[in-house]
Amino acid sequence: MRAAPGYVGDDGALLDVAEAIAADWAALGVRGSFLARNLDTGGQLGFDVEESLPLASVVKVPLALVVLDRIAAGELDPAHPVTVDPAHSSVGPTGLAAFRHPATVAVGDLLLLMLSVSDNAAADALFGLVPVTEVDERLRAWGCGEIRMRHRMNHMYECAAGAAGNDFSLALELALRDERAGRHTIETLDPAHANAGSAAALVGLLRRVWCEEISTPAATAELRRLMGLQVFTHRLASELRADTLRWSGKTGSFLHLRHEIGVVEAESGDRVAMAALTRADRRAGLAPDVDLAIGVAGRHAFEALRR
């Protein structure tokens, strides 16, 4: 039997919103954690916010911050050219990962591809310049040690292939079976071995990026700009589309994982950071109802936390 979620809310009304979101997700067969925090008032709501989960492509945000910090310090040139060869690069459906021929791209544009279209090959090319261990060490030095960086992006697919061959449907079935059993045949779905973090840690990172309390202003400003260029709007952003709102986010998807983190900013001055980390209990590569439920959660949380 699943344990009841641990709720977070600064008053009864916010707790009611958190409970409604958790109930909506549970009705769809979705487990996970959610946290939304007003960056100026500190008001927040959510549930299971300290649970550490594999983050999939959400880790591209802390990776980008470390790379941008290196650029701001003059240790890395954003114009430096990097050649990505499909014969040796990471797999994925977007960006350089989908290319069939070698391409040479500047570091600054690798960052753009990584955050705008979640390009795995661009991310792993950046890991070639700033190794996984260095990213993890920098996060700990910044006081963000609850976000762990342990492997390149392609390692997720290598581990899935090791468990299920080239049968992605079998890998998804294994992920669901292991989720119910509390074990991990696919190593990168184990929070103890994966790139992992909690909703609380991720919202804390976003707050520091938006409030200029980490790295340098040049690095954080560029990260905010790049996150604002994400092309995927089917999760948290789906219910936050308006001329008076700006969404800056990053999705993460792998097997049964469907995540997103980001910040919504209103012309009124309200700024709310969010992290939605979910595991769906179904064999489906596409689950628009789950994506919609994440979007509804974002809208309800934003409305509840506006001043």
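In this text the structure is predicted, and so the values were computed from the model without any measurement. (Residues numbered from 1 in each chain as written. Predicted model: local features only at pLDDT ≥ 70, side-chain atom pairs only at ≥ 80, totals over all residues. Heavy atoms only, no water.)

**Quick word on the side chain of Asp69**
So, point 1. In this fold, Asp69 is placed in helix H2 (residues 60-72).
So, point 2. In this structure, Asp69 is in contact with Arg138, Trp142, Ser215, Thr216 and Ala219, ignoring residues within four places of it in sequence. (Helix = DSSP H or I, 4+ residues; strand = E, 2+ residues; numbered from the N terminus. Contact = heavy atoms within 4.5 Å.)

**Let's talk about the packing of H2 against helix H9 (residues 217-227)**
So, point 1. Interhelical geometry of H2 versus H9 gives an angle of 140 degrees and a closest axis separation of 8 Å. Relative to H9, the element H2 lies oblique. Our pair here, H2 against H9, has a crossing hand that is right-handed. Residues Val61, Ala64, Leu65, Leu68, Asp69 and Ala72 of H2 form the contact with H9, whose own contacting residues are Ala218, Ala219, Thr220, Glu222, Leu223 and Met227. (Axes fitted to C-alpha atoms, helices over the stretch in contact; angles between N-to-C directions. Parallel < 35°, antiparallel > 145°, perpendicular 65-115°, else oblique. Left-handed = near helix turned anticlockwise from the far one by under 90°.)

**With respect to the side chain of Arg235**
So, point 1. By the element assignment, Arg235 lies in the loop between H9 and strand S8 (245-254).
So, point 2. Of the residues examined, Arg235 reaches a relative accessible area of 4% and is grouped as buried.
So, point 3. Here the side chain of Arg235 touches His259 through a polar contact of 3.1 Å, landing on its backbone oxygen.
So, point 4. Among the polar contacts listed, one links the side chain of Arg235 to the side chain of Asp291, at a separation of 2.7 Å.
So, point 5. Other than its neighbours up to four places away in sequence, Arg235 contacts Thr251, Gly252, Ser253, Arg258, His259, Glu260, Asp291, Ile294 and Gly295. (Buried < 20%, exposed > 50% of the residue type's maximum accessible area, 1.4 Å probe, protein only. Polar contact = N/O pair within 3.5 Å; in protein donor to acceptor, adjacent residues only side chain to side chain.)

**Overview of the packing of helix H6 (residues 154-164) against helix H7 (residues 168-181)**
So, point 1. Look at H6 against H7: their axes get within 9 Å of each other, and the N-to-C directions meet at 90 degrees. With respect to their mutual orientation, H6 and H7 come out roughly perpendicular. Residue-level inspection shows Ala160, Ala163 and Ala164 of H6 in contact with H7, the latter providing Leu170, Ala171 and Leu174.
So, point 2. Tallied by class, residues from the contact of H6 with H7 come to six nonpolar, no polar and no charged. (Nonpolar A, V, L, I, M, F, W, Y, C, P; charged D, E, K, R; others polar.)

**Section: the sheet that holds strand S1 (residues 7-9)**
So, point 1. The sheet built from six strands is open, its strands ordered S1-S3-S2-S10-S9-S8 with antiparallel pairing. Edge positions in the sheet fall to S1 and S8, since each of these pairs with one other strand and no more. With direction set aside, neighbouring strand axes in the sheet form an average angle of 10 degrees.
So, point 2. Two elements, strand S2 (residues 30-38) and strand S3 (residues 44-47), share four bridges in a ladder whose sense is antiparallel. Looking across to S3, one finds that Arg37 is bridged to Gln44.
So, point 3. Those strands touched by helix H8 (residues 199-210) are S2, S8, strand S9 (257-266) and strand S10 (271-280), and its axis lies near 150 degrees from that of S10.
So, point 4. Relative to S2, helix H10 (residues 288-305) is tilted by about 25 degrees, and along the sheet it contacts S2, S3, S8, S9 and S10. (Pairing = 2+ DSSP bridges.)

**Quick look at the nonpolar core**
So, point 1. Among the nonpolar cores identified, the biggest contains 77 residues, and Val67, Leu111, Met114 and Leu223 are the most heavily contacted of them.
So, point 2. The dominant element in this core, judged by the number of residues it contributes, is H8, at nine residues.
So, point 3. Within the second largest apolar cluster, 29 residues are counted, among which are Ala18, Trp25, Ala36 and Leu305. (Core = buried A, V, L, I, M, F, W, Y, C linked by side-chain atoms within 4.5 Å.)

**Topic: H2**
So, point 1. Between its first and last C-alpha, H2 extends 18 Å over 13 residues, near the 18 Å set by a 1.5 Å rise per residue.
So, point 2. Counted residue by residue, H2 has 12 buried out of 13 residues, so it is predominantly covered.
So, point 3. Those residues of H2 that fall on the buried side of the exposure criterion are Lys60, Val61, Pro62, Leu63, Ala64, Leu65, Val66, Val67, Leu68, Asp69, Arg70 and Ile71.
So, point 4. Downstream of H2 by one or two residues, Gly74 has phi in the positive range, about 80 degrees. (Expected span 1.5 Å × (residues − 1).)

**Quick notes on the pairing of S9**
So, point 1. For S9, the buried fraction is high: nine of the 10 residues fall into the buried class.
So, point 2. Hairpin connection, S8 to S9: the antiparallel pair is bridged by two residues, and Leu255 has positive phi, about 50 degrees.
So, point 3. Of the strand pairs in this sheet, S9 and S10 are connected by nine bridges, and their pairing is antiparallel. Counted as the bridge partner of Ile261 is Ala275 from S10.
So, point 4. Linking S9 back to S10 in an antiparallel pair, the connection comprises four residues, with Gly269 at a positive phi of about 110 degrees.

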